[in-house]
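Chain and residue survey
One letter stands for each residue in the lines below.
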Amino acid sequence: MVQGSANLNTEVTEEWLQEYVDGWVKFFKKQTSDGELANYIPILGEADPEALGISIIGKNGTTIKSGNTEEKFTIQSISKVLTFIVACMERGLTYVLDRVDVEPTGEAFNSIMHLEMKQPNKPFNPMVNSGAITVSSMLDGNSSDQKLETLFILMEKMIGHRPEINVEAYESERDTSMKNRAIGYYLLEGDYLESDLSITLETYFKQSAIEITIDDLARIGLVLSNDGFDPVTEEEIIPRSITRLAKALMLTCGMYDASGKFAAYVGVPAKSGVSGGILAVVPPRVRDEELPFLEGCGIGVYGPALDKQGNSIGGIKLLRHVANHWDLSLF
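As a starting point, this report considers the structure included with it. Note that the coordinates shown come from a computational prediction; the quantities given were computed from them, not determined experimentally.

Within the element layout of this structure, Thr213 appears in the loop between β5 (210–212) and α10 (214–225). Leave out the neighbours within four places in its chain, and Thr213 touches Glu71, Lys72 and Phe73.

In structure tokens form, the structure reads like this:
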């Protein structure tokens, strides 16, 4: 049985938190066998399906890590949050939202159906592939490297170091992503792309192949939880209006076609990727009890065994348990 939460009157210490998280990770590791690796991207099929790790960083510096914490993995669709933020900072919210909507789809992340059925047929939101490819085309620059430079600068400010692209992962996705190419051609026909199709797709594949750790995700989540302000460096990295919209999109669209269930049962903004990563954002809460991370926190999770929607199967169960026992939900 999963270890439950302690009496809420108990003093919340890092030792107390660590003990509980260690027990929870150990329990949910056993359930990773119910998921499958993302074998349609060959390099992702080489991951350890039993891996599961979590990193939580609070505003006051409290850090709790457990499980497979040292693994490096590619950011995949979590990059969609960051490229959306970059595009809004470069072009302005109005410009971006004229070209990409903010509505959930209820369809798979790589579906093309909503583009064909809705008029005008602009992408439903920047968290599905069609919307993310459109956003990638908006980034400033005449090459994929130029387009991604602002993204790397933003990430370096948020996580404290400049990440790198996993070239093998990039080439693996580039050579096998036929459906994304089909989406790209459809967007090109609809006049939604603002750069050459090959450059746009190269940018999209490269951003997905940026290599990170769960600590990096937790640091990104911490900045987002504070509306774009980094409590460590005491610097506003992202304008508040853009950060809040990004979090709203994460809450309503960030977990593919399981976003509604995640919002209902976990209740925090989150974005997943098919490598098994999950970025979760816990804003400050007002509660009468003494609870962990009342001032907000960022959470990074890694578990490459996925459910049918493409989300980490162990990661979602772990996050749901943590959110329920620590009352992290916004609702």
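What follows continues from the structure just given.
Looking now at the pairing of strand β2 (residues 63–67). Sheet topology note: the strand β1 (residues 53–58)/β2 ladder contains 5 bridges and is antiparallel. Looking at β2, one finds that Ile57 is bridged to Thr63.

Attention now goes to the packing of aromatic side chains. Counted by the stated rule, this structure contains 7 aromatic pairs. With centroids separated by 5.9 Å and ring planes inclined at 40°, the aromatic side chains of Phe293 and Trp326 adopt a geometry described as tilted. Here Phe293 is found in the loop between β9 (277–282) and β10 (297–302), whereas its partner Trp326 is found in helix α13 (residues 313–326), with 33 residues between them in sequence. Residue class for Phe293 comes out buried when judged on its relative accessible area of 9%. In this structure Trp326 comes out as buried when scored by relative accessible area, which is 1%. An aromatic cluster is built from Trp16, Tyr20, Trp24, Phe293 and Trp326, whose rings are joined through pairwise contacts. The residue whose ring lies beneath Arg99 is Tyr95, and the NZ or CZ to ring-centre distance is 3.6 Å. Seen from the ring of Tyr170, Lys206 lies directly overhead, with NZ or CZ sitting 5.7 Å from the centre.

A separate point is the nonpolar core. Met158 and Leu224 are the most contacted members of the largest nonpolar core, which has 42 residues in total. Every element with two or more residues in this core is listed here: α2 (79–91), α5 (129–138), α6 (144–159), β5, α10, α11 (240–253) and β9. Core analysis: the next-biggest nonpolar cluster, separate from the first, contains 30 residues, Met255, Val268, Val301 and Val322 among them.

Rules and cut-offs
In this numbering scheme, every chain counts its residues from 1 along its sequence in written order. Since the coordinates come from a predicted model, pLDDT governs what is reported: local features require at least 70, and pairs of side-chain atoms require 80 or more to be given and counted, while whole-chain, interface and lining totals use all residues. Each side-chain value is worked out from all heavy atoms of the structure, with water and hydrogens disregarded. In this description a helix means any DSSP run of H or I spanning at least four residues, a strand means any run of E spanning at least two, and both kinds are numbered starting from the N terminus. Any two residues having at least one pair of non-hydrogen atoms within 4.5 Å are treated as being in contact. Two strands pair if DSSP finds at least two bridges between them. The criterion for an aromatic pair is that two Phe, Tyr or Trp rings (for Trp, the six-membered ring) have centres within 6.5 Å, with stacked assigned to planes under 30 degrees apart, edge-to-face to planes over 60 apart and tilted to the rest. Burial status follows relative accessibility: with a 1.4 Å probe on protein chains alone, a residue under 20% of its type maximum counts as buried, one over 50% as exposed, and anything between as partly exposed. Throughout this description, the term charge over a ring refers to an Arg CZ or Lys NZ atom that lies within 6 Å of the ring centre and within 35 degrees of the ring normal. For the purposes of this section, nonpolar cores are sets of buried Ala, Val, Leu, Ile, Met, Phe, Trp, Tyr and Cys residues that join through side-chain atoms within 4.5 Å.

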